[in-house]
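Each chain, letter by letter, is given below.
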Amino acid sequence: MMLTNKTITFLGAGAMAEAIIGGLVRNQIVTPQQIIATNLSDTFKLERLEQRYGIQTTSDREQAVKQADFVVLAMKPKNVEEAIREIKSVIHKEQLFISVIAGIPASYIEDLSGGQARVVRTMPNTSAKVGASATAISAGTFATDEDLDTVSLLFSAVGTVTVVPESKMDAVTGVAGSGPAYFYYLIEAMEKAAVESGLTPEEATSLITQTVVGVGKRLQDTSKTSRELYEEVMSPNGTTEAGITLLSERNGQDAMHDAIIKAIARSKELGSVFTESK
């Protein structure tokens, strides 16, 4: 399915914007000519995007938004107020705003843009770069079911999409938004142990990478719980049991649990700044 005759303008052209643009073009959700990217000052980055994907680029935000059916807000949180103020005069009610900005409530964007903008808030993660994001989306006050369907289609180009109430977005941020970093952190420990035990860095990377890929595929392909899966690997007095026993003694699961709860609490703190400033 393609969104024909629709123009998508990206305000902000960083890594996440590029991941989404790449997915949309690769999966032929839209043609490159339907995409416009703009940012504040990095013309080199715009030129690179234009050359790599064949999209349109411009430094004129007003002109880019005036043409848009969908406006993707992909700038840093500190720049969102200035950006929307600059484009406010050309916003019209047919437009759909899609936010990929972590921690910004839809209501804040609605208020900045004049009160009744249709906003869908999204939380992709960095695995969007390889088309494997776990993205959650939620509707703002004025967004429709059709808007959610459209945004689901767009983000299916870079991974899976889960629709949640906006009240759950902080939990999504702590679990899926920050989630890749937790795994990379654990993988770093595995790499260190592997090299200390005689494997070359290349051997360690190859073995660990495929192990992680296999775990993901197994999870996608089974109805078993995570506990059932790790118990399946364990045999009495075997190697896996020795490792899991040590992790249990060191409260490994408690540490991971508390890290996620801490990340969720921080997401709430960051978002409250924008809620209170309404």
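Note that the structure is a prediction, hence the values are computed from the model and not measured.

**Section: the overall build of the chain**
- When you go through the chain residue by residue, the secondary structure sums to 12 helices and eight strands.
- The principal-axis extent of the C-alpha atoms belonging to the chain is close to 70 × 40 × 35 Å.
- Residue pairs in contact within the chain that sit at least 24 positions apart in sequence constitute 65% of those at least 6 positions apart.
- Of the accessible surface of the chain, which amounts to about 15700 Å², a share of 54% is contributed by carbon and sulfur atoms.
- Here the chain holds 26 positive side-chain charges and 34 negative ones, and the gap between their average locations is 3 Å.

**Looking at the packing of helix H8 (residues 179-196) against helix H9 (residues 201-220)**
- Relative orientation of the contacting elements H8 and H9 amounts to 140°, with a least axis distance of 9 Å. In terms of orientation, H8 lies oblique with respect to H9. Remark: the crossing between H8 and H9 carries right-handed chirality. For the pair H8 and H9, the contacting residues are Ile 187, Met 190, Glu 191, Ala 194 and Val 195 in the first and Pro 201, Ala 204, Thr 205, Ile 208 and Val 212 in the second.
- Taken together, the residues of the contact of H8 with H9 sort by class into eight nonpolar, one polar and one charged.

**So, the UniProt feature "domain: Pyrroline-5-carboxylate reductase dimerisation" (unreviewed entry) in the chain**
- Feature annotation in UniProt assigns "domain: Pyrroline-5-carboxylate reductase dimerisation" (unreviewed entry) to the following positions: residues 166-270.
- Between the C-alpha atoms that bound residues 166-270 the distance is 15 Å, and the span itself is 81% helix and 0% strand.

**A few points about the nonpolar core**
- The biggest cluster of nonpolar side chains holds 34 residues, and the ones touching the most others in it are Ile 8, Phe 10, Leu 24, Ile 98, Leu 154 and Phe 155.
- Every element with two or more residues in this core is listed here: strand E1 (8-11), helix H1 (15-26), strand E2 (35-38), helix H2 (43-53), strand E4 (70-73), strand E5 (96-99) and helix H6 (145-155).
- Here Phe 155 is in contact with Ile 20, Ile 98, Val 100, Thr 122, Pro 124, Thr 135 and Val 161, once residues within four sequence places are set aside.
- Among the nonpolar cores identified, the runner-up in size contains 22 residues, and Ala 68, Val 71, Val 80 and Ile 87 belong to it.

**As for the sheet that holds E1**
- Ordered by their spatial adjacency, eight strands build an open sheet running E3-E2-E1-E4-E5-E6-E7-E8, and the pairing between neighbours is mixed. The sheet is open, and its two borders are formed by strand E3 (56-57) and strand E8 (159-163), each paired with just one other strand.
- Bridge count between E4 and E5: four bridges; the pairing is parallel. If you follow Val 72 over to E5, its bridge partner there is Ile 98.
- Its contacts with the sheet place H1 against E1 and E2, and it is angled at close to 160° to E1.

**What about the UniProt feature "binding site: NADP(+)" (unreviewed entry) in the chain?**
- Mapped onto this numbering, the UniProt entry annotates "binding site: NADP(+)" (unreviewed entry) at Leu 11, Gly 12, Ala 13, Gly 14, Ala 15, Met 16, Ala 74, Met 75, Lys 76 and Pro 77.
- Checked against the element boundaries, Gly 12 lands in the loop between E1 and H1.
- Considering the arrangement of structural elements, one finds Met 75 in the loop between E4 and helix H4 (80-87).
- With relative accessibility at 12%, the residue Met 75 sits in the buried group.
- Those residues within four positions of Met 75 in sequence are excluded, and the remaining contacts are Leu 11, Gly 12, Val 80, Ala 83 and Ile 101.

**A few points about the environment of Ala 132**
- Tracing the backbone shows Ala 132 in the loop between strand E6 (118-123) and strand E7 (133-139).
- The exposure class assigned to Ala 132 is partly exposed, which follows from its relative accessible area of 47%.
- Sequence-wise, Ala 132 and Thr 160 are 28 residues apart; in three dimensions their C-alpha atoms are separated by 7.0 Å.
- If sequence neighbours within four positions are ignored, Ala 132 has contacts with Asn 125, Ser 127, Val 158 and Gly 159.

**Let's talk about the confidence of the model for the chain**
- Of all residues in the chain, 98% have pLDDT values of 70 or greater, and the mean over the chain is 94.
- Per-element averaging of pLDDT across the chain places helix H12 (residues 252-276) at the bottom with 91 and H8 at the top with 98.

**What to know about the pairing of E2**
- Residue alternation in E2 divides its side chains into two sets, Ile 35 and Ala 37 and Ile 36 and Thr 38, and both sets are buried.
- The pairing of E1 with E2 spans four bridges and is classified as parallel. Bridging from a neighbouring strand, Phe 10 pairs with Ala 37 of E2.
- Between E1 and its parallel partner E2, the chain crosses via H1, and the hand of that crossover is right-handed.
- Summarising the sheet, E2 and E3 pair through two bridges and their orientation is parallel. Residue pairing for E3: Ile 36 is matched across the bridge by Gln 56.
- Read from E2 through H2 to E3, the crossover connection turns out right-handed.

Calculation notes
Residues numbered from 1 in each chain as written. Predicted model: local features only at pLDDT ≥ 70, side-chain atom pairs only at ≥ 80, totals over all residues. Heavy atoms only, no water. Helix = DSSP H or I, 4+ residues; strand = E, 2+ residues; numbered from the N terminus. Contact = heavy atoms within 4.5 Å. Areas by Shrake-Rupley, 256 points an atom, 1.4 Å probe, with all protein chains shown as cover. Lys, Arg positive; Asp, Glu negative; His and termini not counted. Charge placed at Lys NZ, Arg CZ, Asp CG, Glu CD. Axes fitted to C-alpha atoms, helices over the stretch in contact; angles between N-to-C directions. Parallel < 35°, antiparallel > 145°, perpendicular 65-115°, else oblique. Left-handed = near helix turned anticlockwise from the far one by under 90°. Nonpolar A, V, L, I, M, F, W, Y, C, P; charged D, E, K, R; others polar. UniProt positions renumbered as here; feature names shortened; annotations may be inferred. Core = buried A, V, L, I, M, F, W, Y, C linked by side-chain atoms within 4.5 Å. Buried < 20%, exposed > 50% of the residue type's maximum accessible area, 1.4 Å probe, protein only. Pairing = 2+ DSSP bridges. pLDDT = per-residue confidence, 0-100. Right-handed = clockwise from strand over helix to strand, strands pointing away.

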